[in-house]
Amino acid sequence: MAASCRASFLLCLLFVLLPWTNATNVQYCDHSADYGVKVTGVNISPEPVISGKPATFSISATTDKPISQGKVVIDVFFFGVLIHKETHDLCEETTCPVVSGKFVLSHTQSLPGFTPPGMYTLKMSMVVGPDDQTLTCITFAFRIKFGSSVADS
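Residues numbered from 1 in each chain as written. Predicted model: local features only at pLDDT ≥ 70, side-chain atom pairs only at ≥ 80, totals over all residues. Heavy atoms only, no water.

A. View of the packing of aromatic side chains. One pass over the full model with this rule turns up six aromatic pairs. Ring centres of Phe78 and Tyr120 lie 4.4 Å apart, and the angle between their planes is 20°; this geometry places the pair in the stacked category. In this pair, Phe78 is assigned in strand 5 (residues 71-78) and Tyr120 in strand 8 (residues 118-128), connecting sequence segments 42 residues apart. For the residue pair Phe78 and Tyr120, the accessibility class agrees, reading buried in each case. The structure contains a cluster of three or more aromatic residues connected by ring pairs, namely Phe57, Phe78, Phe79, Tyr120, Phe140 and Phe142. (Phe/Tyr/Trp six-rings, centres within 6.5 Å; stacked < 30°, edge-to-face > 60°. Helix = DSSP H or I, 4+ residues; strand = E, 2+ residues; numbered from the N terminus. Buried < 20%, exposed > 50% of the residue type's maximum accessible area, 1.4 Å probe, protein only.)

Set out below in structure tokens:
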């Protein structure tokens, strides 16, 4: 009976801790801002990103107000230097209109095979309107490694 309780406790502990082992540390660009879109998490697949292979960045968020249009601006930094910038239509990254509540922004991209390995920082802003009002702005780190010439098993 005691072994059964210990096994149950360890199983529960595993389910509690497992999501945190691969969690991406997300920070808001302006810690004092009250953004209209709250980011609840980021999932990167694969983690680490492999140069020359597709990578998907999925950003889970919530909003109190519907969003019918906007832009997603992505800046990528390597050792603090801006190395890449791109802008996408919000409705290409998620289903529009975004209704109040939870939603996911998802972007898949293949990095060139010559992309140097290392730690990168991604800054993502969601903006709307002619004056690019910021709905949210986050940063997070991710790692890139060289692709393997040997097939994964």
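B. Here's a closer look at the side chain of Thr94. When you line up the elements, Thr94 lands in the loop between helix 2 (90-93) and strand 7 (101-110). A relative accessible area of 14% means that Thr94 is categorised as buried. A polar atom in the side chain of Thr94 sits 2.9 Å from the backbone oxygen of Val104. For Thr94, the contacting residues outside a window of four places in its chain are Phe103, Val104 and Leu105. (Polar contact = N/O pair within 3.5 Å; in protein donor to acceptor, adjacent residues only side chain to side chain. Contact = heavy atoms within 4.5 Å.)

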